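So you can see what is in the structure, the chains are spelled out below.
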Amino acid sequence: MISLIYGGNQKGVGFDIYNKLKEELCNKKLEIFNLQEMVGDIPILSEGYNSEISEAQFRNTEIIDNSNMLIFIYPIYWLNVPMLLKGFIDSTFWPNKAFSFNNKQYFKRGLWKDKDAIVIYTIGGSEWFHKFKGHLGYKVIKYPLNLVGIYNIKRFYIDNLNKSNAQSISNKVEKIVNQVTKLVD
């Protein structure tokens, strides 16, 4: 099963990638997480991991637990991930489900070590600047993936959206969608 996790607005380049991948992967067992449509399902963890797990969290964690591939699509805002995506990770990458410090099941021994991930992000500025600033918008996703045992991560991005014309962006979107579709086949 593939979990497609979209953390951006309901328009724009990331949304185009999300919609095209949904269409291309429709013949696969696909679970969709459009985070802006799930705002009530992403709790504020007032007590951190001591919070009681909600029904929605449990359901989302079970879906991720049963997936063999996670695909994240998001825009980078201020060199970081959108808050809904961070909240989704905080509420689904749950102790004793995705990792366990008590049982030393984290990083290479994480409970989700048999999963693969694809990370796709868009950025208005240059990837060079993002890299210069430490790839924070990627590392905020990569670190929790690594913590739960996921190391087979493929990364794609479209940068310079503020300087690119519509045709150039469209070509880049198609290229990424084709590459990702080949990876999951």
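Thresholds, definitions, all that
Residues numbered from 1 in each chain as written. Predicted model: local features only at pLDDT ≥ 70, side-chain atom pairs only at ≥ 80, totals over all residues. Heavy atoms only, no water. UniProt positions renumbered as here; feature names shortened; annotations may be inferred. Helix = DSSP H or I, 4+ residues; strand = E, 2+ residues; numbered from the N terminus. Rg over C-alpha atoms; globule rule 2.2 N^0.38 Å. Buried < 20%, exposed > 50% of the residue type's maximum accessible area, 1.4 Å probe, protein only. Contact = heavy atoms within 4.5 Å. Patch = residues over 30% accessible without salt bridge, like charges linked within 9 Å, V, L, I, M, F, W, Y side chains within 5 Å. Areas by Shrake-Rupley, 256 points an atom, 1.4 Å probe, with all protein chains shown as cover. Salt bridge = Lys/Arg side-chain N within 4 Å of Asp/Glu carboxyl O. Pairing = 2+ DSSP bridges. Axes fitted to C-alpha atoms, helices over the stretch in contact; angles between N-to-C directions. Left-handed = near helix turned anticlockwise from the far one by under 90°. Nonpolar A, V, L, I, M, F, W, Y, C, P; charged D, E, K, R; others polar. Core = buried A, V, L, I, M, F, W, Y, C linked by side-chain atoms within 4.5 Å.

Looking at an unreviewed UniProt entry, one finds the protein chain named Flavodoxin family protein and attributed to Staphylococcus capitis. In its Sequence similarities (unreviewed entry) section, the UniProt entry covering the protein chain states "Belongs to the NAD(P)H dehydrogenase (quinone) family."

Colleague: What's the story with the overall build of the protein chain in this structure? I'm lost.
Modeller: Scanning the protein chain for helices and strands turns up 6 helices and 5 strands. In the protein chain, the succession of helices and strands from N to C terminus is β-α-β-α-β-α-β-α-α-β-α. For 185 residues, the compact-globule estimate of 2.2 N^0.38 gives 16 Å, and the protein chain sits close to it at 16 Å. For the protein chain, the spread of C-alpha atoms along the principal axes amounts to about 50 × 40 × 30 Å. For the protein chain, buried positions account for 46% of its 185 residues. A separation of at least 24 residues holds for 78% of the contacts in the protein chain among residues at least 6 apart in sequence.

Colleague: Is there a simple way to think about a nonpolar patch on the surface in this case?
Modeller: Together, W128, F129 and F132 line one region of the surface with nonpolar side chains, adding up to about 390 Å² of accessible area. Considering the arrangement of structural elements, one finds F129 in helix α4 (residues 127–132).

Colleague: In this structure, what is going on with the sheet that holds strand β4 (residues 116–122)? I would like to understand it.
Modeller: As a general point, the strands of a sheet are linked pairwise by backbone hydrogen bonds and lie either parallel or antiparallel. The strand order β2-β1-β3-β4-β5 describes an open sheet built from 5 strands, whose pairing is parallel. Only two strands of the sheet have a single partner each, and these edge strands are β2 (30–34) and β5 (152–158). Each neighbouring strand pair of the sheet contributes to a mean axis angle of 15°, computed without reference to strand direction. Relative to strand β3 (residues 69–75), strand β1 (residues 2–6) is paired through 5 bridges, and the arrangement is parallel. Bridge pairing in β3 places S3 opposite L70. Lying on the sheet, helix α3 (residues 83–92) is in contact with β1, β2 and β3; it crosses β3 at an angle near 150°.

Colleague: Please explain the packing of helix α1 (residues 13–24) against helix α6 (residues 166–184) as it appears in this structure.
Modeller: Two packed helices can be described by the angle between their axes and the distance between those axes. Direction vectors running N to C along α1 and α6 enclose 40°, while the axes themselves pass 10 Å from each other. The handedness of the crossing between α1 and α6 comes out as right-handed. Residues V13, I17, K20, L21 and E24 of α1 touch α6, and the partners they reach there are I169, V173, E174, V177, V180 and T181. Each residue belonging to the contact of α1 with α6 can be placed in one class, and the counts come to 7 nonpolar, 1 polar and 3 charged.

Colleague: Is there a simple way to think about the nonpolar core in this case?
Modeller: Soluble globular proteins tend to pack their nonpolar side chains together in the buried interior. With 32 residues, the main nonpolar core has F72 and L145 as its most contacted residues. Among the secondary structure elements, those contributing two or more residues to this core are α2 (55–65), β3, α3, β4 and α5 (136–147). Element by element, the count of residues in this core is highest for α5, at 5 residues. Once you skip the residues sitting within four places of it in the chain, L145 turns out to touch L70, F72, F93, A117, V119, I150 and I153. In terms of nonpolar packing, the next biggest core, distinct from the first, is built from 23 residues, I2, I120, I158 and I176 among them.

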